[in-house]
Amino acid sequence: MHGTLKPMQQNKQPSRRPGRTALVLLIAAALAGAGGFYGWQRVRPEAAATQAAKAPPPIPVTLASVERQPFNRVLDGLGTVQAFNTVQVRTRVDGEVQRIAFKEGQTVRRGDILAEIDPRPYQAALDQAKAKKVQDEANLKNAKADLDRYTRLGEFASRQQTDTQASTVNQLTAQIAADQGAIDNAQTQLSYATIRSPLDGITGFRQVDAGNIVNASAQTAIVTITQVEPIFVVFTAPEEQLPRIMAALAKGTVPVEARSTDGLTKLSEGRLDLVNNQVDTATGTIRLKAAFANADHALWPGLSVSTRMRLGIVRDALTIPDDAVQHGPSGLFVFVVGPDNEARQQAITVSGSSDGRTLVTDGLAAGDRVIQEGQYRVQPGSRVAEARARETAQAAPRPASPSQER
């Protein structure tokens, strides 16, 4: 019986091996599938990140909107300040300068004494003319008395004596008139010995010192006086602006501002006084003159200034910042940003600039977004982002990770 049992046990062991092998294969296949799925999950984000890294980031720019608002139509130019009047004060008589009565750079009024010349020769001439008149008046009185006596004698005086005496009276009367003229001339010459300011203004450098001999024929002035209240600014404008200037002038006062040469500082405000009667054909410009009260002496003769003339207001105008306007080979253009944040190049037509904004007459609509800063990196089709928005996003605190919360 023992010999018969051994073969039965050997037959049962081979029947368990196929089931165990299949189980092992099934487990191995499951592990392989799980590993493949895990590997695919790991690779997909890395591929997406690599693909995202290849796309360029949006270009940071500053955007501005096209606005509809009133627009001051102005015309900028360059000009030079000129004194209202300039006088070179010279002597009208000869003599020694006894006193200089002004200081260089002093503000003087009309009639103020500037200098005094030795008056004694002219005072003597006046006294002599007055004495001569007194003498002739005495002779005239005596001649009139003789004529009166001859007339009373009637036929007892000859006609010749009466006529001769009448002629003497007439001669002395004329002589007295001449004496009065001499007196007036002497008084005038004496008044010239005191040199007075002919206008309100500011004195310049003194050219003659006290003690010097001056002559009426000399060309050297004692001092130059310039009138600075009011004062003029002469500037130019393009000839194509002439119709607009004349139209504004016909409506009333045309305001003009005088500014520093960089245009940043306002010096004074006045009005347009004169449009020259002809256009300069060599430069294609028209000369203009504006008057300024200049009570604070902000303007000075010879000063170079920039001018800003206001020609009117456009009530309903489309405007954009000046910095948004770009110059290209085909003319002016701007970069317009659409809802997809892509930039496109748009040609525009403008009609002047004022207070940092440009008047657009064609090419844009109200509400359009244009790039104001950062255009140097932008090309048509570039994706852009508002610089301030990106800075805000970068500055915002990130949420803490679970490890940091712990």
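The coordinates are above.
As a starting point, this report considers the structure included with it. These numbers come from a predicted model, not from an experiment. (Residues numbered from 1 in each chain as written. Predicted model: local features only at pLDDT ≥ 70, side-chain atom pairs only at ≥ 80, totals over all residues. Heavy atoms only, no water.)

Before going further, it helps to examine the sheet that holds strand β3 (residues 95-100). Strands sit in the order β6-β5-β3-β8 across an open sheet of four strands; the sheet is antiparallel. Among the strands making up the open sheet, the edge pair consists of β6 (194-196) and β8 (213-214). Here β3 pairs with β8 via two bridges, running antiparallel. When the sheet's bridge partners are listed, Glu96 is paired in β8 with Ile213. (Pairing = 2+ DSSP bridges. Helix = DSSP H or I, 4+ residues; strand = E, 2+ residues; numbered from the N terminus.)

All right, on to the pairing of strand β11 (residues 266-280) then. In terms of strand pairing, strand β10 (residues 255-259) meets β11 through five bridges, oriented antiparallel. Looking across to β11, one finds that Val256 is bridged to Gly270. The turn linking β10 back onto β11 is made up of six residues, and Gly263 within it adopts a positive phi angle of 80 degrees. Pairing geometry for β11 and strand β12 (residues 285-292), over six bridges, is antiparallel.

What follows deals with the environment of Ala115. With respect to the element layout, Ala115 can be found in strand β5 (residues 113-117). As for Ala115 and Val223, which are separated by 108 residues in sequence, their C-alpha atoms are 9.9 Å apart. Not counting residues within four places of it along the chain, the set of residues in contact with Ala115 comprises Arg99, Ile100, Ala101, Ala193, Thr194 and Ile195. (Contact = heavy atoms within 4.5 Å.)

Position of Asp179 among the secondary structure elements: in helix α3 (residues 159-192). With residues up to four places along the chain from it excluded, the contact list for Asp179 reads Ala129, Lys132, Lys133 and Asp136.

On to the side chain of Asp136. Structurally, Asp136 is set in helix α2 (residues 120-153). You can call Asp136 buried: its relative accessible area is 4%. Discounting residues that sit within four places of it in the chain, Asp136 has contacts with Gln175, Ile176 and Asp179. (Buried < 20%, exposed > 50% of the residue type's maximum accessible area, 1.4 Å probe, protein only.)

Limitation: the analysis is restricted to geometry and does not speak to function.
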